[in-house]
Amino acid sequence: GLGSASIVTEDGFSVGALVAVNCFGSVKLPNSDAFWAAPFERDQEFGNIPYPQTFSFDPEDWGQAKANPGARANTTIACIATNAALTPSQTQRLADMAVAGMARAIRPVFAPFDGDVVFALSTAKKPLDAPEPMQLARLGELAASTLARAIARGVYEAGRENLTA
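Definitions and limits used
- Residue numbers run consecutively from 1 along every chain, following the written order of its sequence.
- In view of the model being predicted, local features appear only for residues whose pLDDT reaches at least 70, and side-chain atom pairs are presented and counted only at 80 or more, with totals across whole chains, interfaces and linings using the full set of residues.
- With hydrogens and water stripped out, all remaining heavy atoms of the structure feed into the side-chain values.
- Strands are runs of DSSP state E lasting at least two residues, helices are runs of H or I lasting at least four, and both sets are numbered from the N terminus onward.
- Relative accessibility decides the category of a residue: with a 1.4 Å probe and only protein chains considered, values under 20% of the type maximum give buried, values over 50% give exposed, and everything between is partly exposed.
- Should any heavy atoms of two residues lie within 4.5 Å, those residues are counted as being in contact.
- Per-residue and other accessible areas were derived by the Shrake-Rupley procedure at a 1.4 Å probe size, with only the shown protein chains allowed to occlude residues.
- We count Lys and Arg on the positive side and Asp and Glu on the negative side, and we leave His and both chain ends out.
- The atoms used to mark charge sites are NZ of Lys, CZ of Arg, CG of Asp and CD of Glu.
- Two rings belonging to Phe, Tyr or Trp (six-membered ring only in the last case) form a pair when the distance between their centres is within 6.5 Å. Interplanar angles under 30 degrees mark stacking, angles over 60 mark edge-to-face geometry, and anything in between is tilted.
- Strands are labelled as partners when DSSP assigns at least two bridges between them.
- Simply put, an axis is a line fit to the C-alpha atoms, just over the touching stretch for a helix, and the angle between two N-to-C directions goes from 0 to 180 degrees.
- The term salt bridge refers to a pairing of a side-chain nitrogen on Lys or Arg with a carboxyl oxygen on Asp or Glu at a separation within 4 Å.
- Here, nonpolar core means buried Ala, Val, Leu, Ile, Met, Phe, Trp, Tyr and Cys residues that are tied together by side-chain atoms lying within 4.5 Å of each other.

### A closer look at the overall build of the protein
A count of helical and extended segments in the protein gives two helices and four strands. What you see in the protein, going N to C, is helices and strands ordered as β-β-β-α-β-α. In terms of overall dimensions, the protein has a C-alpha envelope of 45 × 35 × 35 Å along the principal axes. Looking at the protein as a whole, 41% of its 165 residues are labelled buried. For the protein, contacts bridging at least 24 residues in sequence account for 76% of all contacts bridging at least 6. For the protein, the computed accessible surface area is about 8800 Å², with 54% contributed by carbon and sulfur atoms. Here the protein holds 13 positive side-chain charges and 17 negative ones, and the gap between their average locations is 5 Å.

### A look at the packing of aromatic side chains
By the definition in use, this model includes two aromatic pairs. Ring plane angle 55° and centroid distance 4.8 Å describe the contact between phenylalanine 24 and phenylalanine 113, whose orientation is recorded as tilted. One end of the pair, phenylalanine 24, is in the loop between β2 (14-22) and β3 (75-84); the other, phenylalanine 113, is in the loop between α1 (88-105) and β4 (117-126), and 89 residues separate them in sequence. Residue class for phenylalanine 24 comes out buried when judged on its relative accessible area of 4%. Phenylalanine 113 sits in the partly exposed class, given a relative accessible area of 35%. Ring geometry for phenylalanine 35 and phenylalanine 46: centres 5.4 Å apart, planes at 75°, overall edge-to-face. Highlighted residues: phenylalanine 35 in the loop between β2 and β3 and phenylalanine 46 in the loop between β2 and β3, separated in sequence by 11 residues. Of the two residues, phenylalanine 35 and phenylalanine 46, both sit in the buried class.

### Here's the deal with unusual backbone geometry
Arginine 107 connects to proline 108 through a cis peptide bond whose omega is -10°. In this model, asparagine 31 sits at a positive phi of 60°, which is unusual for a non-glycine residue. With respect to the element layout, asparagine 31 can be found in the loop between β2 and β3.

### Thoughts on the sheet that holds β4
One open sheet holds the four strands; their spatial order is β1-β2-β3-β4, and the pairing between them is mixed. The outermost strands of the open sheet, each flanked by one partner alone, are β1 (2-8) and β4. Strand-to-strand twist in this sheet, taken as the mean axis angle between neighbours without regard to direction, amounts to 10°. Its contacts with the sheet place α1 against β3 and β4, and it is angled at close to 130° to β4.

### Concerning the side chain of lysine 28
Secondary-structure assignment places lysine 28 in the loop between β2 and β3. We note that lysine 28 is buried and unpaired, the nearest opposite charge coming from aspartate 33 at a distance of 4.1 Å. Among all residues touching lysine 28, those that are not within four sequence positions of it are Asp33, Ala34, Phe35, Trp36 and Gln64.

### What about the nonpolar core?
Judged by nonpolar contacts, the single largest core of 33 residues is most densely connected at Ile80, Val118, Leu147 and Ile151. If you list the elements that add at least two residues to this core, you get β1, β2, β3, α1 and α2 (132-164). Per-element accounting of this core gives the leading share, nine residues, to α2. Sequence-distant contacts of valine 118, that is, excluding residues within four places in its chain, are made with Ala78, Ile80, Ala95, Ala98, Val99, Met102 and Leu147.

Now the structure itself:
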């Protein structure tokens, strides 16, 4: 599926994620319709499917992961965009931190069958207004959570389209 999500902070920083999801790993908890990314959901954007009341799983149970992945047939590719004025190295750090969003939403991720990658860009419209390391850490965490949401939204919307097609 193709998913997007965004957030705008109270002080005007924007972080958006656009992702194409065709992962090897599962985006849902084993034996459940709940998304791994459920804790990050906003405004029922991917169905507001609750975690099971009693939730435990076998660490070896990958749920709906593909049983027979084909070579070069799986990838999740994402782009993170922000209006924060970031240098190229800060933008790279933003992408590095956003990768955590994939781990929050897909299990397993970055498998040998995947071509998973995250790119980042900055429009440089809003100067950083706090000490750089703290502001960058803040934006990176927002990017990771937003990417997790975008992944779940992409899969959720693709499933809805298949039901109505």
